[in-house]
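Spelled out from the first residue to the last, the chains are:
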Amino acid sequence: MRHSYASLIWRQFKKSRLAVAALILVISLFVIAIFAPLIASDKSISIGGFKISAPIPFSPNSYDLSRILEGPSFTHPLGTDGQGRDVLSQLVWGSRVSISVGFVAVGISVIIGILLGVLAGYYGGAVDIVISRLIEVMMCFPTFFLILAVLAFIGPSIYNIMIVIGLTSWTGVARLVRGECLKLRSREFVVAARVAGARDRRIVFRHLLPNALSPVLVSATFGVASAILVEASLSFLGFGVPPSTASWGSLLSQAQDFMDVAWWLTLAPGFAIFLTVTAYNLVGEGLRDAIDPNLKT
Amino acid sequence: MIPTLFGITLITFFVIQLAPGDPASLKAQSGTDALKSDQMVEQVVSETRKLYGLDRPIYVQYGIWLGRLAKFDFGNSYRDHRPVISKIGDALPITLTLNILTILIVYLISIPVGAYSALKPSGWRDRITALALFVLYSLPNFWVAMMLIVLLGGGDYLNLFPIVGFTSDNASTLSWIGWMGNVAWHLVLPVTCLTYASLAFLSRFSRASMLEVIRQDYIRTARAKGLSESKVVWKHAMRNALIPLVTLMGTLLPSLLAGSVIIEQIFAIPGMGRLGFESVLSRDYPVIMAIAFIGALLTLASVLLSDLLYVVIDPRITFRRKAA
């Protein structure tokens with residue numbers, strides 16, 4: 001075999017220019033989030049006697065009350081907010097919140113989903129009945145309201161948000177994995193593995209899960225997009241991370257007060273959310289088409 | 001259906017247990033203004049304990065709660081001591097109007113849009129619709145709501161639609177038709193915000209479904225025997241393409257109800273979403289639990305409804321057991 005499965009998928013993925021562009025956007029957002037302290041900071045770094053200031057020479061929390069609600073200008077490309085803070089710098093730091101919530105929440109939901117999906121699909125019987133019921137029950141709840149209620153009880157913090165989003169969004173992955181295991185468990189290669197004396201764990205991890213991996217990856221990509229949206233909505237309602245770390249949603253929430261005088265305050269974070277969500281959705285779409293070109297719609 | 005219902009009560013009960021500390025004493029603490037005297041605090045604590053049977057073991061508590069649930073007795077609101085069920089009775093019709101209207105509009109637009117772009121796949125019209133739908137799908141609805149308010153709701157630009165409430169203050173003086181008109185006028189912006197994301201999702205789904213059907217043999221047969229194109233599409237293809245779309249109705253409702261929370265909050269519509277959000281803010285546990293439970297119940301009902309719709313769309317499906 002000359003081409004690995006991953007490289008086959010990559011070759012298909014590359015065919016969609018839109019998906020590749022979205023992937024580049026996703027990666028650059030990731031880089032921006034990681035290097036936010038270097039990109040937007042009012043402290044300059046000195047290397048060998050030279051002082052290099054950050055590309056955006058403002059910290060997200062450094063306010064300047066003499067320059068409040070300034071429109072976009074050369075010094076403040078996206079203007080300033082009601083306390084004279086630089087909007088672009090806040091956006092750059094806000095991306096850390098969005099992206100980490102997206103990834104951790106999806107990580108949690110994927111782990112729960114895979115675990116329950118394997119248990120249900122591979123062992124079947126009573127286990128399957130119980131887990132399938134649980135999935136049905138979870139899908140009945142208005143998720144966003146459930147998240148809001150639980151957060152009200154346990155208190156909103158960035159970790160609680162990640163956990164609660166993860167705990168309420170695993171049903172899709174669980175159903176996917178369950179279906180895949182159910183479909184494959186009586187196939188010849190699994191039977192052969194069992195005859196050869198492989199234990200359940202080996203069969204599940206070496207033979208079943210790799211087949212379910214690509215649809216799970218697609219579902220996880222869409223999951224990141226929706227987790228980012230949920231976090232933004234929560235912050236918008238004031239249920240998000242504490243105000244010291246401004247997330248895109250809380251920036252929008254603050255912008256509400258200035259909606260008719262400072263349009264850039266509403267436009268910029270909204271556009272950032274939109275761009276990020278679109279990018280993840282497009283990558284998910286591209287991946288799905290790459291995995292199964294027959295499904296291409 | 002029954003086990004699912006049972007599971008819903010279990011999860012709701014579990015969520016109540018997450019509440020910090022003893023709900024009884026917490027209730028006494030939270031009502032800072034109304035409950036100044038110690039005597040009243042004492043009374044509230046013992047009342048709440050009795051209501052929830054908090055001194056009993058947990059499975060007994062669950063039993064008591066379940067018994068009250070069966071009678072739709074959710075207790076009284078902590079905030080204004082009105083029975084929860086009457087608060088929900090006020091809010092539910094409003095949210096249902098909002099959501100049923102949304103679902104109707106979503107289906108009415110997305111089915112033809114999907115079918116239309118499926119008939120000439122990869123044409124420029126199809127590409128433009130696909131991109132537009134994709135953009136719509138990713139727009140955060142609270143942001144769109146803010147933008148619509150600024151642009152159309154009397155911010156700096158146009159003042160075409162009201163942005164607060166379900167009816168005008170003087171709506172009760174209007175005639176029946178006038179009242180309907182007033183409600184419709186108030187609902188334009190909120191329904192737009194609720195509609196577009198589901199619309200985008202469903203149109204893409206409807207397109208995929210139509211594409212799948214249109215390449216079946218029976219469509220070729222229908223064309224071959226000389227049926228008009230509209231008859232082929234609307235009679236032979238559409239019915240089959242509709243089946244998977246109907247399944248989605250059950251899953252559409254919970255996401256719409258969730259969307260309602262934020263949209264009702266922004267447009268100050270006194271529905272379930274706003275009631276829910278306000279109860280969350282004021283830790284009004286009985287109301288929160290009742291809304292979570294009723295929301296899940298509604299979803300269950302809509303799943304049942306979409307099962308029934310199958311029979312209408314596809315005469316081959318029947319609920320009667322076949323004689324063996």
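Residues numbered from 1 in each chain as written. Chains lettered and ligands numbered in written order. Predicted model: local features only at pLDDT ≥ 70, side-chain atom pairs only at ≥ 80, totals over all residues.

A. Examining the overall build of chain A more closely. Across its full length, chain A carries 12 helices and two strands. Overall, chain A shows an N-to-C arrangement of helices and strands of α-α-α-β-β-α-α-α-α-α-α-α-α-α. Here the analysis covers contacts within chain A between residues at least 6 apart in sequence; of these, 65% occur between residues at least 24 apart. (Helix = DSSP H or I, 4+ residues; strand = E, 2+ residues; numbered from the N terminus. Contact = placed C-beta atoms within 7 Å.)

B. Molecular detail of the overall build of chain B. Scanning chain B for helices and strands turns up 12 helices and zero strands. The order of α-helices and β-strands along chain B, N terminus first, is α-α-α-α-α-α-α-α-α-α-α-α. For chain B, buried positions account for 35% of its 324 residues. (Buried ≥ 20, exposed ≤ 12 C-beta atoms within 10 Å, placed from the backbone.)

C. Spotlight on the interface of chain A and chain B. Opposite the 35 residues of chain A that make contact, chain B presents 41 residues. Sorting the residues of the side of chain A that touches chain B by element identifies helix H5 (125-140), helix H6 (143-154), helix H10 (200-236) and helix H12 (263-291) of chain A as the ones contributing at least two each. Of the residues forming the side of chain A that touches chain B, the biggest block, 10 residues, is contributed by H6(A). Partitioning the side of chain A that touches chain B into residue classes produces 24 nonpolar, eight polar and three charged. (Nonpolar A, V, L, I, M, F, W, Y, C, P; charged D, E, K, R; others polar.)

D. Summary view of unusual backbone geometry. Positioned with a positive phi, Ala268(B) is a non-glycine residue whose angle comes to about 50°. By the secondary structure assignment, Ala268(B) is in the loop between helix H10 (229-266) and helix H11 (272-281).

E. Here's a closer look at the nonpolar core. Counting 133 residues, the largest nonpolar core has Phe145(A), Leu148(A) and Ala292(B) as its most contacted members. Ranked by residue count, the leading element in this core is H10(A), at 16 residues. Leu148(A) has contacts with Phe239(A), Val261(B), Phe277(B) and Val280(B), leaving out every residue within four places of it along the chain. Tyr107(B), Ile111(B), Met210(B) and Leu245(B) belong to the second-largest nonpolar core, a separate cluster that totals 18 residues. (Core = buried A, V, L, I, M, F, W, Y, C linked by C-beta atoms within 7 Å.)

F. Inspection of the packing of helix H2 (residues 17-34) of chain A against helix H4 (residues 87-123) of chain A at higher detail. Residue and element names in this part refer to chain A. For the pair H2 and H4, the least separation of the axes is 8 Å and the interaxial angle reads 110°. One element, H2, and the other, H4, form an angle in the roughly perpendicular class. Between H2 and H4, the residues in contact are Leu29, Phe30, Ile32 and Ala33 and Val92, Ser95, Arg96 and Ile99, respectively. Considering only residue class, the contact of H2 with H4 consists of six nonpolar, one polar and one charged. (Axes fitted to C-alpha atoms, helices over the stretch in contact; angles between N-to-C directions. Parallel < 35°, antiparallel > 145°, perpendicular 65-115°, else oblique.)

G. Representation of H6(A). Across its 12 residues, H6(A) extends 16 Å between first and last C-alpha, which sits within 8% of the 16 Å expected from 1.5 Å per residue. H6(A) sits mainly inside the fold: 10 of its 12 residues count as buried. Within H6(A), the full set of buried residues consists of Thr143(A), Phe144(A), Phe145(A), Leu146(A), Ile147(A), Leu148(A), Ala149(A), Val150(A), Leu151(A) and Ala152(A). Buried positions along H6(A) lie against helix H7 (158-168) and H10 of chain A together with helix H1 (2-17), H10, H11 and helix H12 (285-313) of chain B. (Expected span 1.5 Å × (residues − 1).)

H. Inspection of the confidence of the model for chain B at higher detail. Residues and elements named next belong to chain B. Overall, the prediction assigns chain B a mean pLDDT of 79, with 84% of residues at 70 or greater. Taking the mean pLDDT of every element in chain B, the minimum, 55, falls on helix H2 (residues 23-30) and the maximum, 88, on helix H9 (residues 217-224). Every residue in residues 31-35 scores below 50 in pLDDT, and together they form five contacts with partners more than four places removed in sequence or on other chains. Overall fold confidence for the complex sits at a pTM of 0.84, while the interface term, ipTM, reaches 0.78. (pLDDT = per-residue confidence, 0-100.)

I. Seen up close, the packing of helix H6 (residues 124-138) of chain B against helix H8 (residues 176-214) of chain B. Residues and elements named next belong to chain B. Packing of H6 against H8 leaves a shortest axis separation of 8 Å and a crossing angle of 140°. Between H6 and H8, the crossing angle belongs to the class labelled oblique. As H6 packs across H8, the resulting crossing turns out to be left-handed. Contact with H6, carried on its side by Leu133, Leu136 and Tyr137, involves Tyr196, Ala197, Leu199, Ala200, Phe201, Ser203 and Arg204 of H8 and no other residues of that element. Tallied by class, residues from the contact of H6 with H8 come to eight nonpolar, one polar and one charged. (Left-handed = near helix turned anticlockwise from the far one by under 90°.)

J. Quick look at the environment of Leu275(B). All names here are of chain B. By secondary structure assignment, the location of Leu275 is in helix H11. Along the backbone, Leu275 and Pro140 are 135 residues apart, and their C-alpha atoms lie at a distance of 22 Å. Among residues more than four places away in sequence, those in contact with Leu275 are Lys87, Ala91, Val287 and Ile291.

K. Up close: helix H9 (residues 188-195) of chain A. With zero of eight residues buried, H9(A) lies mostly on the surface of the structure. One or two residues past the end of H9(A) sits Gly197(A), with phi positive at roughly 95°.

L. Structural context of the environment of Gly75(B). Residues and elements named next belong to chain B. Tracing the chain through its elements places Gly75 in the loop between helix H4 (58-70) and helix H5 (84-119). The exposure class assigned to Gly75 is buried, which follows from the 20 C-beta atoms found within 10 Å. Sequence separation of Gly75 and Ile85 is 10 residues, and the distance between their C-alpha atoms is 7.9 Å.

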